[in-house]
Amino acid sequence: MATIELEAASVAAPGADGDTVILEPTTLRLTEQRIGLIGANGSGKSTLVRLVNGLVTPTSGRVLVDGLDVARDGAAVRRRVGFCFTDPAAQLVMPTCVEDVELSLRRSVRDAGERHRQALAVLDRFGLGAQATLSVHSLSGGQRQLLALAGVLATDPSILVADEPTTLLDLANTRRVTETLFTLPQQLVVVTHDLDLARRCDRVLVVEDARVRFDGPAEAAVADYLSTVPL
Ligand SMILES: Nc1ncnc2c1ncn2[C@@H]1O[C@H](COP(=O)(O)OP(=O)(O)OP(=O)(O)O)[C@@H](O)[C@H]1O
Ligand SMILES: [Mg+2]
């Protein structure tokens, strides 16, 4: 497994009356295969996981992925860390499914014919072989989320960060995407409001008011989060 380290990493945003703290100084060493983050809206979950691939830069402290400093070795870190957004529209940019996966492969596979063959193989693996030449707009929400995942995983990252990958999906597609996520060999860092999904993780962080309020086994973490929510 990969190792993600936060060393007193904090995030602040400058405002009119001083800085707003978005993440208090946080120290973590994440080595488990499946790590979940849960917590209220606006608590800081997306900010924390965005530190892992440099989408957000720490205001103080450091973030390391396999010993590489995200701020200094950004390109190398981004090759290791795939990031999947809640809304697949944020990352599906090409007209057809196969072209979208080819775009992901443009750096790693130079030959266009080989790139096309590999993209088709990736689509097959995600059950989207029949949709290869269709417009991404003709896919269902679940298929679009799978395509976004396929594009990210095509580059074979060692870590997949997924920020609420099932939030927009119905029950069947939630199950399908969840099964895909939990059969990956990669390290998974997943932000979710789906407590059943969180319960399947090896370690779960509960984020509240810009800090990690609980860090431990999934069941205990879910119980901790539930205890903070009034009936
Ligand atoms: N660049 C920024 N400038 C100012 N405030 C920000 C910035 N980025 C995030 N915030 C604020 O920081 C807080 C935490 O945001 P974040 O997106 O990390 O929350 P979250 O836990 O992912 O919430 P949700 O469950 O709604 O996705 C929010 O109040 C948000 O408005
Ligand atoms: Mg979020």
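Residues numbered from 1 in each chain as written. Chains lettered and ligands numbered in written order. Predicted model: local features only at pLDDT ≥ 70, side-chain atom pairs only at ≥ 80, totals over all residues. Heavy atoms only, no water.

Engineer: Just give me the short version of the nonpolar core, but keep the residues and values in it.
Structural biologist: Grouped together as the largest cluster of nonpolar side chains are 43 residues, with contacts concentrated most on Leu 147 and Leu 160. Broken down by element, the residue count for this core peaks at seven residues, all from helix α5 (residues 141–153). Setting aside residues no more than four positions away along its own chain, Leu 160 makes contact with Gly 82, Cys 84, Leu 149, Val 152, Leu 153, Leu 181, Leu 184, Gln 187, Leu 188 and Val 189. One finds Ala 9, Val 56, Val 63 and Val 212 within the second-largest nonpolar core, a separate group that totals 29 residues. (Core = buried A, V, L, I, M, F, W, Y, C linked by side-chain atoms within 4.5 Å. Buried < 20%, exposed > 50% of the residue type's maximum accessible area, 1.4 Å probe, protein only. Helix = DSSP H or I, 4+ residues; strand = E, 2+ residues; numbered from the N terminus. Contact = heavy atoms within 4.5 Å.)

Engineer: Let's hear about the layout of surface pockets: which residues, and what values?
Structural biologist: Within this model, the largest pocket holds a volume of roughly 770 Å³. Looking at the largest pocket, it is lined by 23 residues, and the ones nearest its centre are Arg 78, Ser 104, Arg 106, Arg 107 and Thr 155. Mapped onto the lining of the largest pocket, the elements with two or more residues apiece are α2 (74–80), β6 (81–84), α3 (97–104) and α5. Residue classes in the lining of the largest pocket are distributed as eleven nonpolar, seven polar and five charged. (1 Å grid on protein atoms, 1.4 Å probe; cavity = no way out; pocket = protein on both sides within 12 Å on 5 of 7 lines; lining within 4 Å. Points joined across faces, edges and corners; volume = space filled by probe spheres on them. Nonpolar A, V, L, I, M, F, W, Y, C, P; charged D, E, K, R; others polar.)

Engineer: Explain a positive patch on the surface residue by residue, including any values.
Structural biologist: On the surface, a cluster of positive charge is contributed by Arg 79, Arg 106, Arg 107 and Arg 110. Secondary-structure assignment places Arg 107 in the loop between α3 and α4 (112–125). (Patch = residues over 30% accessible without salt bridge, like charges linked within 9 Å, V, L, I, M, F, W, Y side chains within 5 Å. Areas by Shrake-Rupley, 256 points an atom, 1.4 Å probe, with all protein chains shown as cover. Salt bridge = Lys/Arg side-chain N within 4 Å of Asp/Glu carboxyl O. Lys, Arg positive; Asp, Glu negative; His and termini not counted. Charge placed at Lys NZ, Arg CZ, Asp CG, Glu CD.)

Engineer: Residues and numbers for the packing of α3 against α4, please.
Structural biologist: In the contact formed by α3 and α4, the axes pass within 9 Å of each other and the chain directions differ by 115°. By the angle between their axes, α3 is roughly perpendicular relative to α4. Pair α3 / α4 crosses with right-handed handedness. Here Cys 97, Val 98, Val 101 and Glu 102 of α3 come into contact with α4, specifically with Arg 115, His 116, Ala 119, Leu 120, Val 122 and Leu 123. In terms of residue class, the contact of α3 with α4 is built from seven nonpolar, one polar and two charged. (Axes fitted to C-alpha atoms, helices over the stretch in contact; angles between N-to-C directions. Parallel < 35°, antiparallel > 145°, perpendicular 65-115°, else oblique. Left-handed = near helix turned anticlockwise from the far one by under 90°.)

Engineer: Pulling in residues and values, what's your account of unusual backbone geometry?
Structural biologist: One non-glycine residue, Asp 66, lies in the positive phi region at around 50°. Secondary-structure assignment places Asp 66 in the loop between β4 (60–65) and β5 (68–69). Overall, Asp 66 belongs to the partly exposed group, its relative accessible area being 32%.

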